[in-house]
Structure formats: C-alpha cells, structure tokens
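Commentary on secondary and tertiary structure
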Amino acid sequence: MGGRRVNNKLLLCLIISLLLLMIVIPIVIINLSNYFASPSIEIEVYDNVTDEILFLDLEEYLKGVVAAEMPAVFEFEALKAQAVAARTYALRNLEQGQPLTTDSTIDQAWTSKAELLDRWGGLNYLFYWPRISAAVEETAGIIIKYQDELINAVYHSTSGDYTAAAVEVWGNDLPYLRSVASIYEKDSPYYQDQEIFSVREFNHKLGISSNLLQEIKILNRSLSDRVLKVRVGNHLFSGREFRQKLGIRSTNFLIKTNEEEVKIITSGYGHGVGMSQYGANGMAGDGYNYQEILKHYYPETELSYY
C-alpha cells in the first residue's frame with residue numbers, strides 16, 4: 001500500500017511538472033523571439049480610398065502590400081523575395097521623407113484584411129493569409145542594401161526575357177538596377193499581349209490631329225529591346241511616353257499597320273526595372289531561395305537588417 005501511495009505521488013508530481021513545462025516553455029520561447037526580433041516600427045500610411053491616415057506596424061503593413069502586389073498562390077520563396085523588396089522600398093521612401101500611400105500609381109499597393117476577405121472569399125482567405133503572413137514574418141527586418149545604403153527596390157510584373165536598366169527608363173544609372181536575363185517569363189500571362197487601335201483612335205490618343213494613318217517608325221531600342229524613340233509622322237515620342245498615351249503594357253513592343261488599324265504587340269508588363277515578379281516565381285519553382293532571387297534581380301547588393 002505504501003509503495004502504491006509513493007507511485008501515485010510521483011505520478012502526480014510528474015503530471016504537474018509536465019503541465020508547468022507546457023505553460024512555461026511557450027512563454028520563454030515567445031519572450032526570446034520577441035527579444036531577438038527586429039524592433040517594431042509604427043508608420044503612417046495615407047489611404048487614398050478612404051482619405052484617412054492609417055497607423056500601422058511596418059511588418060503588418062507589409063502583409064497588405066505583399067497580398068496586393070503578388071498573387072498569393074505564387075511560390076513561397078517568391079513571396080519572401082517580394083516581402084523583402086517591399087520592406088526595402090517602404091523604408092527607403094520613409095528615409096527620404098516621402099509619405100507612404102496606398103495609391104498604386106505612385107507607391108506600393110496595399111489591401112486591408114477586410115478587402116482581402118471580400119476578394120478571396122472565406123475559404124481562400126484561410127489558406128492565402130497564413131502564407132502571406134509567414135513570408136513577411138520569416139523575413140522580418142531583412143532589407144536590401146548597396147554600399148551600406150537602402151536600394152530603390154523597384155519591381156514589376158513581367159519583364160519579357162530581360163529586365164530593363166534604370167538608365168533606360170528613368171535616366172539614372174544604378175549598378176544594382178541593370179538589365180539581367182529573366183528566363184521564366186514565358187509562364188506569365190503577360191508575356192505577350194496585343195492591342196488593336198483604329199487609325200482615328202490611335203491618332204487621338206497620341207494627340208495627333210490627322211485622321212490618316214501616318215508613317216510609324218521605331219528609331220532605336222535599348223539593350224533589353226525596349227523602345228527608346230518612336231516617330232509617328234512628324235511627331236517624336238519616347239517609348240515611355242508612347243506607352244503611357246496608348247495605355248499599352250510595356251515599352252517592349254512591335255508595331256504592325258494597315259489602312260484601317262494599328263496593331264501593337266507587347267512583351268512584358270510594367271516598367272521592367274528591378275525584380276520581375278513572374279520571373280521570381282519561376283526561379284522559386286526551380287529551387288532558388290529568396291536570397292538568390294534578390295541577388296539575381298538586384299546585382300551587387302547585400303541583405304541586412306534594419
């Protein structure tokens with residue numbers, strides 16, 4: 001009988017000890033992770049839809065950016081690369097005194113959880129949001145630097161075989177924003193597209209008064225095959241201006257004409273500088289990690305912590 005009581009006491013002590021460990025260990029782990037984690041940064045973001053200022057934690061803000069900027073079904077390493085690029089882009093803007101906004105025409109896109117739930121639906125949200133959150137959390141605090149300074153971590157949807165150098169598009173020559181091969185672009189739905197304009201519509205969009213089809217000639221291209229100058233009759237346009245006026249997807253284009261219409265065939269989507277999102281997804285699918293993806297699209301850079 002006495003031995004049985006001792007065994008019961010030992011069993012009770014063991015159970016109590018296990019329960020205490022189950023409570024204490026998670027608390028210790030959480031405290032240690034908080035200790036070593038990057039410090040929280042509160043930021044202000046102007047919501048151009050609601051016309052209000054949002055006060056958000058940087059890392060939580062980035063989850064809304066990644067969800068808005070990249071398809072949630074993309075490879076996990078591509079999502080992580082997007083998170084690091086987005087973090088670097090935001091912090092550089094803040095460093096230079098540029099306020100953050102949700103207006104995707106001048107800044108990174110951002111979407112709230114409520115909007116994502118409505119867009120994705122309940123079941124997809126339960127799958128997508130944890131992936132987005134994990135991509136941001138697993139890269140928390142990581143940024144991209146060139147010569148110890150935050151880079152301008154621009155990105156775009158699809159490059160069309162080669163990314164563009166910054167000097168081709170904006171005139172500033174940056175070593176980490178030069179043209180690089182992007183071999184996975186053919187998997188993108190934006191790899192090739194075409195727009196057809198009537199002669200009248202084409203001239204109207206370009207601000208040319210004549211309704212007659214005028215001679216169109218591409219004068220020169222960049223090393224990444226993007227149009228730098230195009231002449232329409234007596235009018236000269238930069239490739240960027242031509243793209244903006246016509247609303248086509250890229251400055252990498254071909255032009256075909258007849259007496260009734262103008263057909264423009266584009267390759268890629270976006271300005272083409274920096275990281276190609278579909279290219280990053282292709283690299284991730286082929287086994288590259290996010291560090292290798294970022295190193296490819298932003299050459300001569302290093303990863304660091306803020």
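Given the structure is predicted, the values throughout are model-derived calculations rather than measurements.

1. Digging into the overall build of the protein chain
The number of helices and strands found in the protein chain is 10 helices and 14 strands. Counting over 306 residues, the protein chain shows a buried share of 44%. Considering only residue pairs separated by 6 or more positions, the protein chain has 65% of its internal contacts joining residues 24 or more positions apart. For the protein chain, the computed accessible surface area is about 16700 Å², with 53% contributed by carbon and sulfur atoms.

2. Structural notes on the packing of aromatic side chains
Overall, the coordinates contain 12 aromatic pairs when judged by the stated rule. Taking the centre distance of 5.0 Å and the plane angle of 75° together, the rings of Phe74 and Tyr278 count as edge-to-face. Here Phe74 is found in the loop between helix H2 (58–69) and helix H3 (76–95), whereas its partner Tyr278 is found in helix H9 (residues 277–285), with 204 residues between them in sequence. Residue classification places Tyr278 among the buried residues on the basis of a relative accessible area of 17%. Through successive ring pairs, a cluster of aromatic residues spans Trp120, Tyr125, Phe127, Tyr128 and Trp129.

3. Remarks on the pattern of salt bridges
One pass over the full model with this rule turns up 10 salt bridges. Ionic pairing is found between Glu59 and Arg87, a salt bridge with its closest N-O pair at 2.8 Å. Placement of Glu59 in helix H2 and of Arg87 in helix H3 is noted, with a sequence separation of 28 residues between them. The exposure classification of Glu59 matches that of Arg87, with both residues buried. A salt bridge links Glu300 to Arg178, with the shortest nitrogen-to-oxygen separation between them at 2.9 Å. Here Glu300, found in the loop between helix H10 (290–297) and strand S14 (302–305), pairs with Arg178, found in the loop between helix H6 (166–169) and strand S7 (192–198); they are 122 residues apart in sequence, far enough to count as distant.

4. Some points on H9
Note: α-helices contain 3.6 residues per turn, so residues at a spacing of three or four share the same orientation. In terms of burial, H9 is largely enclosed, as eight of its nine residues are buried. Inspection of H9 places Gln277, Tyr278, Gly279, Ala280, Asn281, Gly282, Met283 and Ala284 among the buried residues, and these make up the whole buried set. Looking at the buried side of H9, the elements it contacts are H2, H3, strand S6 (155–156), strand S13 (275–276) and H10. Put simply, Ser276 is the residue that caps the front of H9, since its side-chain oxygen is 3.0 Å from the backbone nitrogen of Gly279.

5. Quick notes on unusual backbone geometry
You will see that Gln147, though not glycine, has its phi angle at about 50°, which is positive. One can find Gln147 in the loop between strand S4 (142–146) and strand S5 (149–150). Despite not being glycine, Asp148 shows a phi value in the positive range, around 70°. Structurally, the position occupied by Asp148 is in the loop between S4 and S5. By relative accessible area, which is 64% here, Asp148 ends up exposed.

6. Brief notes about the sheet that holds strand S11 (residues 253–257)
Across the sheet, three strands lie side by side as S7-S12-S11; this open sheet has antiparallel pairing. Here the strands that pair on one side only, and so sit at the sheet edges, are S7 and S11. The mean inter-strand angle of the sheet, taken between neighbouring strand axes irrespective of direction, is 20°. Of the pairings in the sheet, the one linking S7 to strand S12 (residues 261–267) comprises seven bridges and is antiparallel in character. From the neighbouring strand, Ile196 faces S12, where its bridge partner is Lys263. Where helix H7 (residues 199–206) meets the sheet, its contacts fall on S7 and S12, and the angle it forms with S7 comes to roughly 100°. Its contacts with the sheet place helix H8 (residues 239–246) against S7, S11 and S12, and it is angled at close to 65° to S11.

How each quantity is defined
Residues numbered from 1 in each chain as written. Predicted model: local features only at pLDDT ≥ 70, side-chain atom pairs only at ≥ 80, totals over all residues. Heavy atoms only, no water. Helix = DSSP H or I, 4+ residues; strand = E, 2+ residues; numbered from the N terminus. Buried < 20%, exposed > 50% of the residue type's maximum accessible area, 1.4 Å probe, protein only. Contact = heavy atoms within 4.5 Å. Areas by Shrake-Rupley, 256 points an atom, 1.4 Å probe, with all protein chains shown as cover. Phe/Tyr/Trp six-rings, centres within 6.5 Å; stacked < 30°, edge-to-face > 60°. Salt bridge = Lys/Arg side-chain N within 4 Å of Asp/Glu carboxyl O. Polar contact = N/O pair within 3.5 Å; in protein donor to acceptor, adjacent residues only side chain to side chain. Pairing = 2+ DSSP bridges. Axes fitted to C-alpha atoms, helices over the stretch in contact; angles between N-to-C directions.

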